[in-house]
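Now for the letters of each chain:
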Amino acid sequence: MKIGLAIILSMGLFLSISSGATKHLEKIDKSIPLRAKIITDDNVTVAYSHEMSKLIFLNKFTKDEFSALIDKLSPVLHINKKEQIQKYFSESYKHLNYQIISYGVTKEKKRKIKKIIDTFIQDNGLNLKKKYYQFELSGERRVYPYNNFLTPVIGYCHKLENKGLTYTKGVKGLENYYDSKLTSLNNKPRDVYLNIDFDLQQKLEDSLFFNKVDIDADEIVSIIMNPKTFNIKAFASSNRFNPKKITRYDFNSLNISAKLSTTKTSLLSLSTTFAFS
């Protein structure tokens, strides 16, 4: 057995929870509460949620019109033109009188799509009194902008359905432990603030990646702690994963050896951990 001890006492993962509700983007039609953010000590958001909508076409386009419009929407939605045409004009869809073109439309994309379709309708002399499309709220999507950053400590989320809408529930790590505070099913979702330093965390993760190879360890877990406050400024594992793209090869990386516990003052304390193989 090869041991790669990697505990660094230099600078406890302090957590505080905001008292306000999650901030929303500018409203388009109606909106829903979103799962709150996870934010580092230097104010970098490492997890947040998008509001998602479905783009629905009503069966009022000709084949040529539909084909031309899909061509214009493809760069935004990344959809399969041939597949969409087959569905839109298939017998099974005709009786529905509509087709869902995309489930994953963010508010930013919604504005772009609306402009593309409205311009297309006007430029092609279509009847402006008719309703050709609509957006329908579908729920939320969890976003991890820095991919495998702070995994597996941060955890990940699963999609669940509630009253016809998709919401996310925390699984493992901070997402799970603070699910009752972060969840959009809470009347006032609250952001969680970490004492983790973003740059220091990134440097530690990079260091562990290379050291794991050098010492031929299965995993290295390292902590950087402030010896005066016991606040943890970085907590990294050499075995990380992308919470949005978990594969079977990541299963062994979903858990971390350290056990997390929380005091009433929201100090997340961590047991001593080390690398092993």
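Here is what the cut-offs are and how they apply
- Residues numbered from 1 in each chain as written.
- Predicted model: local features only at pLDDT ≥ 70, side-chain atom pairs only at ≥ 80, totals over all residues.
- Heavy atoms only, no water.
- Bend = angle between axes of the 7 residues up to and from the residue.
- Helix = DSSP H or I, 4+ residues; strand = E, 2+ residues; numbered from the N terminus.
- Buried < 20%, exposed > 50% of the residue type's maximum accessible area, 1.4 Å probe, protein only.
- Core = buried A, V, L, I, M, F, W, Y, C linked by side-chain atoms within 4.5 Å.
- pLDDT = per-residue confidence, 0-100.
- Contact = heavy atoms within 4.5 Å.
- Lys, Arg positive; Asp, Glu negative; His and termini not counted.
- Salt bridge = Lys/Arg side-chain N within 4 Å of Asp/Glu carboxyl O.

A. Spotlight on helix H1 (residues 63-77). The largest bend in H1 is about 35°, located at Asp71, with the proline Pro75 one to four residues further on. Regarding H1, the residues found buried are Glu65, Phe66, Ser67, Leu69, Ile70, Leu73, Ser74, Val76 and Leu77. Positive backbone phi, approximately 55°, marks His78, located one or two places after H1.

B. Representation of the nonpolar core within the structure. If you look at the biggest cluster of nonpolar residues, it comprises 27 residues, and the most contacted ones within it are Ile38, Val46, Leu150, Ile154, Leu194 and Phe235. Put simply, the parts of the chain that give this core at least two residues each are strand E5 (45-58), strand E8 (156-162), strand E11 (221-225) and strand E12 (232-237). Broken down by element, the residue count for this core peaks at three residues, all from E11. Counting residues in hydrophobic clusters, the runner-up holds 22 residues, among them Leu55, Phe61, Ile70 and Val105.

C. View of the confidence of the model for the protein chain. Per-residue confidence for the protein chain gives a mean pLDDT of 79; residues scoring 70 or more make up 79%. Predicted confidence is poor over residues 1-11, with pLDDT under 50, and the contacts of this stretch with residues over four places away or in other chains come to 36 contacts. Counting contacts from residues 19-28, a segment whose pLDDT is below 50, to residues more than four positions away or on other chains yields 20 contacts.

D. Structural context of the side chain of Glu140. Note on placement: Glu140 falls in strand E7 (residues 133-143). Buried and unpaired, Glu140 has no salt bridge, with Arg35 as the nearest side chain of opposite charge at 5.8 Å. Filtering out sequence-adjacent residues up to four positions away, Glu140 remains in contact with Ile32, Pro33, Leu34, Arg35, Ser49, His50, Met52, Thr166, Tyr167, Thr168 and Ser184.

E. Quick look at the environment of Thr168. Of note, Thr168 is situated in strand E9 (residues 165-171). Judged by relative accessible area, Thr168 falls into the buried class, the value being 3%. C-alpha separation for the pair Thr168 and Leu185, spaced 17 residues apart in sequence, amounts to 9.3 Å. With residues up to four places along the chain from it excluded, the contact list for Thr168 reads Arg35, Ser49, Glu140, Arg142, Cys157, His158 and Asp179.

F. A look at unusual backbone geometry. Going from Thr151 to Pro152, the amide bond is cis rather than trans, its omega being 5°. Structurally, Pro152 is set in the loop between E7 and E8. For Asn147, which is not glycine, the phi dihedral falls at a positive 55°. Take Asn147: it is sitting in the loop between E7 and E8. In this structure, Lys163 takes a positive phi of about 55° despite not being glycine.

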